[in-house]
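# Fold and contact review
If you want the building blocks of each chain, they are given just below.
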Amino acid sequence: MHRPVIIDTDPGVDDFIALMLAKQSDRLEIRGVTTVAGNLPLEIVTQNALNIIDFLDLHVPVAKGASKPLKRQQESAEAFHGKGGLGGVVLPISQNRYVLQPAWDFIDEQARQAEGRLELIALGPLTNVATALLKYPDLKKRLKCITFMGGSTGGGNRTPYAEFNIWADPEAAQIVWESGIPLRMVGLDITLKGVLKAQDIQDVLRLEHPYTLVLRYLLEFLQQVNARVGQDFVPLHDALAVASVIDAQLLDYTLGCGIVETESEVYRGRTIVRKPLLENRQQPNVWVGLDVDREQFIHLLKGILQTGQTPNL
Ligand code: RIB
Ligand code: CA
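Structure report, in brief.

In this section: the packing of aromatic side chains. Tallied over the full model, the rule gives five aromatic pairs. Judged by centre distance (5.9 Å) and plane angle (85°), the rings of Phe-16 and Phe-55 are edge-to-face. Here Phe-16 is found in helix α1 (residues 13-24), whereas its partner Phe-55 is found in helix α2 (residues 42-55), with 39 residues between them in sequence. Their ring planes at 50° and their centres at 5.6 Å tell us that Phe-55 and Tyr-211 sit as a pair that is tilted. Of this pair, Phe-55 sits in helix α2 while Tyr-211 sits in the loop between α9 (198-206) and α10 (212-227), and the two are 156 residues apart along the sequence. For Phe-55, a relative accessible area of 26% gives the class partly exposed. Members of the aromatic cluster, each reached through a chain of ring pairs, are Phe-16, Phe-55 and Tyr-211. The residue whose ring lies beneath Arg-268 is Trp-167, and the NZ or CZ to ring-centre distance is 3.8 Å. We note Arg-270 situated over the ring of Tyr-267; from NZ or CZ to the ring centre the distance is 4.4 Å.

Now for the coordination of the calcium ion (ligand 2). With distances of 2.2 to 2.7 Å, the protein atoms coordinating the calcium ion (ligand 2) are Asp-10 (OD), Asp-15 (OD), Asp-15 (OD), Leu-123 (O) and Asp-238 (OD). Overall, the relative accessible area of 0% leaves Asp-15 in the buried class.

A separate point is the site of ligand 1. As a structural note, the neighbourhood of ligand 1 is formed by 13 residues, with Asp-14, Leu-123, Asn-157, Glu-163 and Asp-238 the closest of them. A distance of 2.6 Å is found between an oxygen atom of ligand 1 and a side-chain nitrogen or oxygen belonging to Asp-14. Between ligand 1 and Asn-39, the relevant distance is 2.9 Å, taken from an oxygen atom to a side-chain nitrogen or oxygen of the residue. Judged by the fraction of its atoms near the pocket grid, ligand 1 is located in the largest pocket.

Successive side chains on a regular strand alternate, one facing one side of the sheet and the next facing the other. In terms of strand pairing, strand β6 (residues 183-186) meets strand β11 (residues 286-292) through two bridges, oriented parallel. Considered in β11, the bridge of Arg-184 is made with Trp-287. As defined by bridge partners, strand β9 (residues 251-260) adjoins β11 across six bridges and the pair is classed as antiparallel. Across the sheet, the residue bridging to Leu-251 is Val-292, located in β11.

Strand order in this open sheet of nine strands is β3-β2-β1-β4-β5-β6-β11-β9-β10, and the pairing throughout is mixed. Since the sheet does not close on itself, it has two edges, and those belong to β3 (62-64) and β10 (271-274), each with one partner. With strand direction ignored, the average angle separating the axes of adjacent strands in the sheet is 30°. Of the pairings in the sheet, the one linking strand β2 (residues 28-35) to β3 comprises three bridges and is parallel in character. Of the residues in β3, the one forming a bridge with Thr-35 is Lys-64.

Criteria and thresholds
- Each chain carries its own residue numbering, running from 1 in the written order of its sequence.
- Key to labels: chains lettered from A, ligands numbered from 1, both in the order written.
- At least 70 in pLDDT is required for a residue's local features to be given in this predicted model, at least 80 for side-chain atom pairs to be given and counted, and no such filter applies to totals for whole chains, interfaces and linings, which use all residues.
- Hydrogens and waters are ignored; side-chain quantities use all the structure's heavy atoms.
- Here a Phe, Tyr or Trp ring, Trp counted by its six-membered ring, pairs with any other such ring whose centre lies within 6.5 Å, and the pair is stacked when the planes are under 30 degrees apart, edge-to-face when over 60, and tilted otherwise.
- A run of H or I in DSSP becomes a helix once it reaches four residues, and a run of E becomes a strand once it reaches two; helices and strands are each numbered from the N terminus.
- For every residue, the accessible area (1.4 Å probe, protein chains only) is compared with the maximum for its type, and the residue is labelled buried under 20%, exposed over 50%, or partly exposed between those bounds.
- A ring is considered to have a charge above it if a Lys NZ or an Arg CZ atom is located within 6 Å of its centre and within 35 degrees of its normal.
- Coordination here is defined by N, O and S atoms within 2.8 Å of the metal (3.2 Å for Na, K and Ca), and since water is not considered, a site can look incomplete.
- When we say a residue is near a molecule or strand, we mean one of its heavy atoms is within 4 Å of it.
- Pairs of N or O atoms within 3.5 Å make up the polar contacts considered here, provided that, within protein, one atom can donate a hydrogen while the other can accept it, and that residues adjacent in sequence are counted only when both atoms are side-chain atoms.
- A cavity here means a set of 1 Å grid points, computed over protein atoms only, where a 1.4 Å probe fits but cannot escape. A pocket is an open set with protein on both sides within 12 Å along at least 5 of 7 lines, and lining residues have an atom within 4 Å of a point.
- A pocket or cavity is taken to hold a molecule when more than half of that molecule's atoms are within 2 Å of the pocket's grid points.
- For two strands to be treated as a pair, DSSP must find at least two bridges joining them.
- A fitted line through C-alpha atoms serves as each axis, taken over the contacting stretch for helices, and the angle formed by two N-to-C directions is quoted from 0 to 180°.

Shown next, in the form of structure tokens:
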């Protein structure tokens, strides 16, 4: 049974690879892609999403979302995604347009149609998701769960304390974390474990599939970006989040009481998750991915890219 999902994204190199994985998988039914300002401004990530959808031969609607965070200024991460946002890869310009509905209306409509089965996979700042929850208070009863790439129980990558997606719009993250919707957090704790090493990249690029050439450019770009900060490995943050939805056994999760820092400028976007203890009045609200079998992720990535099938492990 295909699982209906909407992918909210700010493509972005790792978002591109995540969409490739989602499209190739035989387990997901992508009902649509919504775009949010994050890695790059909204116009760029939206055109990138339209071009990627065409390139992947993925005929799904694209709905444009928020051009800036709920309260903060929009700050891009272009240095980590290259000119144009796709690692220098220039795709043919799509002749399609995004749908007229804004992302939040599209999400609510799809949730109504899916009758409680819809899952969100959020790969950028949570601005669209929060806006949808603010406009449609009952939406939280209609979403099955949200898997989001974001946060960290340790150090950050945008600041020493905060991961980029949460840092970009901490108020939106706080709204989502307080919604009561089942949440799965795929944060840096996980994405910096489930990395691709040089040999893995060579193995992945030896596979024959329609996207090998573009994947080579994307992975080699990421190798260069990570080498600049002394890392000889490549985290595929968003692709791991999608993989965790495809294979629910991929990650080990711990249920916790999570809060997002929104007051302090120094700790802006820091995510703190405490164990649910009796004296902890806060209700547990987030399943935090804390461990991943790296080999299993690589095996799954190769299996899906090559055959579309999720390998039995
Ligand atoms: O911190 C990693 C996240 O920020 C990923 O989603 C990447 O695409 C960027 O948006
Ligand atoms: Ca992203």
